[in-house]
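Descriptive structure summary
Each chain is listed here by its residues.
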Amino acid sequence: MQMKLKLTVAAAIAAVAGMASAQDVQVVKIGHVGPVSGAQAHYGKDNENGVRMAIEELNTQNIVIGGKKIKFEIQAEDDAADPKQGTAAAQKLCDAKVAGVVGHLNSGTTIPASKVYNDCGIPHVTGAATNPNLTKPGYKTTYRIIANDNALGAGLAFYAADALKLKKVAIIDDRTAYGQGVADVFKKTAIAKGMTVVDEQFTTDKATDFMAILTSIKSKSPDAIFYGGMDPQAGPMLRQMEQLGLSNVKYFGGDGICTSEVAKLAAGAKTLENVVCAEGGASLAKMPGGTAWKAKYDAKYPGQFQVYSPYTYDATYLLVDAMKRANSVDPKVYTPELIKSNFKGVTTTIQFEPNGELKNPAITLYVYKDGKKTALN
């Protein structure tokens, strides 16, 4: 009887302890915003996958912050690459009191959303939006962990002028903050390098027919076309260039076209072989943890990798690293730690300039060989 009583008391103590430990678990939400619907959904899903993967790993690490065991959860929102939806998603995350945000994908959604996050005091880290204007307001809540368009556009122009010795270029952009921004940098650098801009044309990020634009450009006999925009337009444009006999014209673009998806969208067009595109950061093979990370990603999300998921993965870890150093998940307390980051991520060691830009950002140029994206440097 005494033994039974002891067991009962022990069980009761264990149950109370279990209840206490359950109560000591704090759920911390990390927001993600990207286009998971529409023509750019493949980018958004890839970005979201990076965050999910990081959160699942973090939850196996028994992280304790402020005396409480932390369970991280993702709150994922869709902005459909639309600025109005982007600000609405940002406000929704503010209202939900998430601890931090990874996103957005597009500069056109990230720039207006950054003000919303600043106003509600929640930090956001983008590993995809590259327009330099993002960090110009000087918000203490805005961080970028990838090279901006100043590096991408200029790097492509240097390669066109110095390595390929091209003289005449036509420029097309999709009028978004990203497309127009990267095209402007390319144009200014190309002119400074002695190249001639023979034509400038504009389209939208919803267009699929570029025959009129390309016909006008063809009459100017350019050596190359620079396109500021994303792959849902670049793929059809490459097909239509081939149809118009522009098969010997080089085709330049930033990270928006630098995907495996563009090869599918080009649907066998030989003009894919003329593409030279630039991404912020090192190639996966040259990232500190890129090869091992990619194997894990592919096992978990087969066939879904695009460009930015290593950055959204690192961004998630970066936010949590700042929380751990501050010993707080309160954005007001841990946000000042972000600017002091010295985080060894998959993509690089992340340190920031005073304005929230990444220190010493790398860029990588790519071409397509046998339909596969291949690093040039």
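Residues numbered from 1 in each chain as written. Predicted model: local features only at pLDDT ≥ 70, side-chain atom pairs only at ≥ 80, totals over all residues. Heavy atoms only, no water.

1. Digging into the overall build of the protein
Across its full length, the protein holds twelve helices and 15 strands. Since a compact globule built from 377 residues should have a radius of gyration of about 21 Å, the 23 Å found for the protein is in line with a globular shape. Viewed in the frame of its principal axes, the protein has a C-alpha envelope of about 100 × 40 × 35 Å. (Helix = DSSP H or I, 4+ residues; strand = E, 2+ residues; numbered from the N terminus. Rg over C-alpha atoms; globule rule 2.2 N^0.38 Å.)

2. Side note on the sheet that holds strand β5 (residues 124-126)
The mixed open sheet is built from six strands, whose spatial order is β2-β3-β1-β4-β5-β6. For this open sheet the edge positions go to β2 (64-65) and β6 (142-144), each flanked by a neighbour on one side alone. Here strand β1 (residues 25-34) runs beside strand β4 (residues 100-102); their pairing, made up of three bridges, is parallel. Looking at the pairing, Gly31 lines up with Val101 of β4. Helix α3 (residues 83-95) contacts β1, β3 (68-78) and β4 of the sheet and is inclined by roughly 155° relative to β3. (Pairing = 2+ DSSP bridges. Contact = heavy atoms within 4.5 Å. Axes fitted to C-alpha atoms, helices over the stretch in contact; angles between N-to-C directions.)

3. Quick word on the pairing of strand β7 (residues 168-173)
Judged by how many residues are buried, β7 sits mostly within the fold: five of six residues are covered. In terms of strand pairing, β7 meets strand β8 (residues 196-202) through six bridges, oriented parallel. Pairing of Asp173 across the sheet is with Phe202, part of β8. Taken together, the five bridges between β7 and strand β9 (residues 224-228) define a ladder with parallel strand orientation. In the sheet register, Val169 faces β9, and the bridge partner there is Ala224. (Buried < 20%, exposed > 50% of the residue type's maximum accessible area, 1.4 Å probe, protein only.)

4. Let's talk about the side chain of Asp314
Relative to the assigned elements, Asp314 resides in helix α11 (residues 309-326). One buried charged residue, Asp314, forms no salt bridge at all, with the nearest opposite charge on Lys296 at 9.4 Å. A polar contact is formed between the side chain of Asp314 and the backbone nitrogen of Val346, at a distance of 2.9 Å. In contact with Asp314, not counting residues within four places along its chain, are Ile145, Phe343, Gly345, Val346, Thr347, Thr348 and Ile350. (Lys, Arg positive; Asp, Glu negative; His and termini not counted. Salt bridge = Lys/Arg side-chain N within 4 Å of Asp/Glu carboxyl O. Polar contact = N/O pair within 3.5 Å; in protein donor to acceptor, adjacent residues only side chain to side chain.)

5. A few points about helix α5 (residues 149-163)
When the terminal C-alpha atoms of α5 are compared, their 20 Å separation across 15 residues agrees well with the 21 Å that a helix rising 1.5 Å per residue should span. Structurally, α5 contributes buried residues whose contacts are with α6 (177-192), β9, β10 (250-253), β11 (275-280) and β14 (363-369). N-capping of α5 is provided by Asn148, with a side-chain oxygen placed 2.9 Å from the backbone N of Asn150. Phi turns positive, to about 55°, at Lys165, one or two residues after α5. (Expected span 1.5 Å × (residues − 1).)

6. Quick word on the sheet that holds β11
With mixed pairing, seven strands are arranged side by side in an open sheet as β8-β7-β9-β10-β11-β14-β15. Since the sheet does not close on itself, it has two edges, and those belong to β8 and β15 (372-375), each with one partner. With strand direction ignored, the average angle separating the axes of adjacent strands in the sheet is 25°. Sheet strands in contact with helix α7 (residues 211-218) are β7, β8 and β9, and its direction is about 165° off that of β8.

The values reported here are purely geometric and, on their own, carry no functional implication.
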